Amino acid sequence: MGQYDVSNTGYFGRYGGAYIPEILQHCVEELRHSYRTIIDDPTFTTEFEDLLQNYVGRPSPLYLSRSLSKIHGCRIYLKREDLNHTGAHKINNAIGQILIAKRMGKKRIVAETGAGQHGVATATVCALMGMPCVVYMGETDVKRQRPNVEKMRLLGAEVRPVMSGNKTLKDACNEAIRDWCCHPEDTFYLIGSTVGPHPYPDMVARLQSIISTEIRQQLTAKEGKPTPDYLVACIGGGSNAAGTVFHFLDEPNVKIVYAEAGGKGIESGLTAATLNVGEEGVLHGFRSLVMQDSDGQIVEPYSISAGLDYPGIGPLHAHLVKEGRATALPINDDEALAAAYELNRLDGILPALESAHALAALHRLSFKPEDIVVLTLSGRGDKDMDTYLKYAPAGECPTDFDTIRLNVNHHSDI
Ligand SMILES: *Cc1c(COP(=O)(O)O)cnc(C)c1O
């Protein structure tokens, strides 16, 4: 058992647990009781691995970026989750959970989505498995993420707009939980990140841990040893970060750096940097750091990147940061945008805005020439084209980070 493993009662240090209404006790307990047995069962592993390989396209490449390596004076590898089917790491978890749901005899899937990425991944695996799918999505998000709504509907999912609260991700979570409460016997709640009541954070981390399994194998082949000096990942709820660090937690020489969404700056009030500004509280069934006011009311998060603006954080990560095992850097909108333009021009890879936060974090660190850095590129940037075009640096599009950042800052809207 590792030092940072979840406890029997579902805690990572002070964080985690299952704070749920009476009506959900039974199905959460049923899941808690069976998830490890299912995940460790060879028939599950065989089916999961087969789909990861032949449907998702794994293993995802570990790509040595010569240009980033040159800029930062070390060796920088990108773990290419952007090349997965549906364009991000979320599909790993969605496949794993639907296989668990089937084995538990569940007949219907519900999910929440913010930007629509998890909704699309869930609708995709429901199409694959022939299961009915209801996706809750805040009405505000339904309006601003129309292409993903259309994708989900084409895949056969029912998208239910949520009219409560601010009509965004937090409200969609509440509504999905409410649906699950009404149909606890036949419905499986397929959560999109390392959040929610125990066992979800641990289960999602395990399903995403294929990322760190592959990193170890690929580094061994390329560098002659399985461990890097740094792991860097962006963090919203924490699923791509958990997958990246999972098999390295007990190796203290591997430094862990998280890039969270600073928004317009952590002092500005327009931020989603929960690990930097959050305080202990309970949200969506678990105890963690939460963005809240002095009355304990949730403060609406803000980030240019829809996948990172969640007011909570996976309990594993809150624990790792409190313990000093991981560092959380708040990366602002302008830094993320500049880093995205930079990778696009230097390597011909347009990253998701979320992943661009991780790339920008490189500029905040200093490396030794012998350092090996692995950065998880959680997704591709096609979904963010409108934003990238809106802020694209004018004229000849410089490739130098500081100049790009200046250009972005001169744009009136940001
Ligand atoms: C959803 C998403 C994230 C944030 O979610 P995590 O659970 O923190 O990984 C990051 N990157 C991409 C591309 C996403 O779609």
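Our structure's up above, just so we're on the same page.
This one's a predicted model, so the numbers in the text were calculated from it and none came from an experiment. (Residues numbered from 1 in each chain as written. Predicted model: local features only at pLDDT ≥ 70, side-chain atom pairs only at ≥ 80, totals over all residues. Heavy atoms only, no water.)

Student: What is the right way to read the sheet that holds strand β6 (residues 133-138) from this model?
Tutor: By definition, the strands of a sheet pair up through backbone hydrogen bonds, in either a parallel or an antiparallel sense. Taken in spatial order, the four strands make up an open sheet running β7-β6-β5-β8, and their pairing is parallel. Where the open sheet ends on each side, the last strands, each with one partner, are β7 (158-162) and β8 (187-189). Averaged over all pairs of adjacent strands, the angle between strand axes in this sheet comes to 25°, irrespective of strand direction. In this structure, strand β5 (residues 108-113) lies alongside β8, joined through three bridges in parallel fashion. (Pairing = 2+ DSSP bridges. Helix = DSSP H or I, 4+ residues; strand = E, 2+ residues; numbered from the N terminus. Axes fitted to C-alpha atoms, helices over the stretch in contact; angles between N-to-C directions.)

Student: Can you help me understand the site of the ligand in this one?
Tutor: Taken together, 18 residues sit near the ligand, with Lys90, Ser193, Gly236, Ser239 and Ser378 positioned nearest. At 2.6 Å from an oxygen atom of the ligand is found a side-chain nitrogen or oxygen belonging to lysine 90. A distance of 3.2 Å separates an oxygen atom of the ligand from a polar atom in the backbone of glycine 237. Coverage of the ligand by the protein amounts to 96% of the 380 Å² it exposes when considered alone. (Near = heavy atom within 4 Å. Polar contact = N/O pair within 3.5 Å; in protein donor to acceptor, adjacent residues only side chain to side chain. Areas by Shrake-Rupley, 256 points an atom, 1.4 Å probe, with all protein chains shown as cover.)

Student: What should I look at first to understand unusual backbone geometry in this one?
Tutor: If a residue is not glycine, its phi is most likely negative; likewise, a peptide bond is most likely trans. Here the bond from arginine 58 into proline 59 is cis, since omega is 0°, no more than 30 degrees from zero. Looking at the element boundaries, proline 59 is found in the loop between α2 (42-56) and β3 (62-64). Within the chain, threonine 86 stands out as a residue other than glycine whose phi angle is a positive 70°. Along the chain, threonine 86 turns up in the loop between β4 (75-80) and α4 (90-103).

Student: How should I be thinking about the packing of aromatic side chains in this particular structure?
Tutor: For the structure shown, the criterion picks out six aromatic pairs. Taken together, the ring pairs connect Trp180, Tyr189 and Tyr200 into an aromatic cluster. (Phe/Tyr/Trp six-rings, centres within 6.5 Å; stacked < 30°, edge-to-face > 60°.)

None of the figures reported here should be taken as evidence of function without further support.
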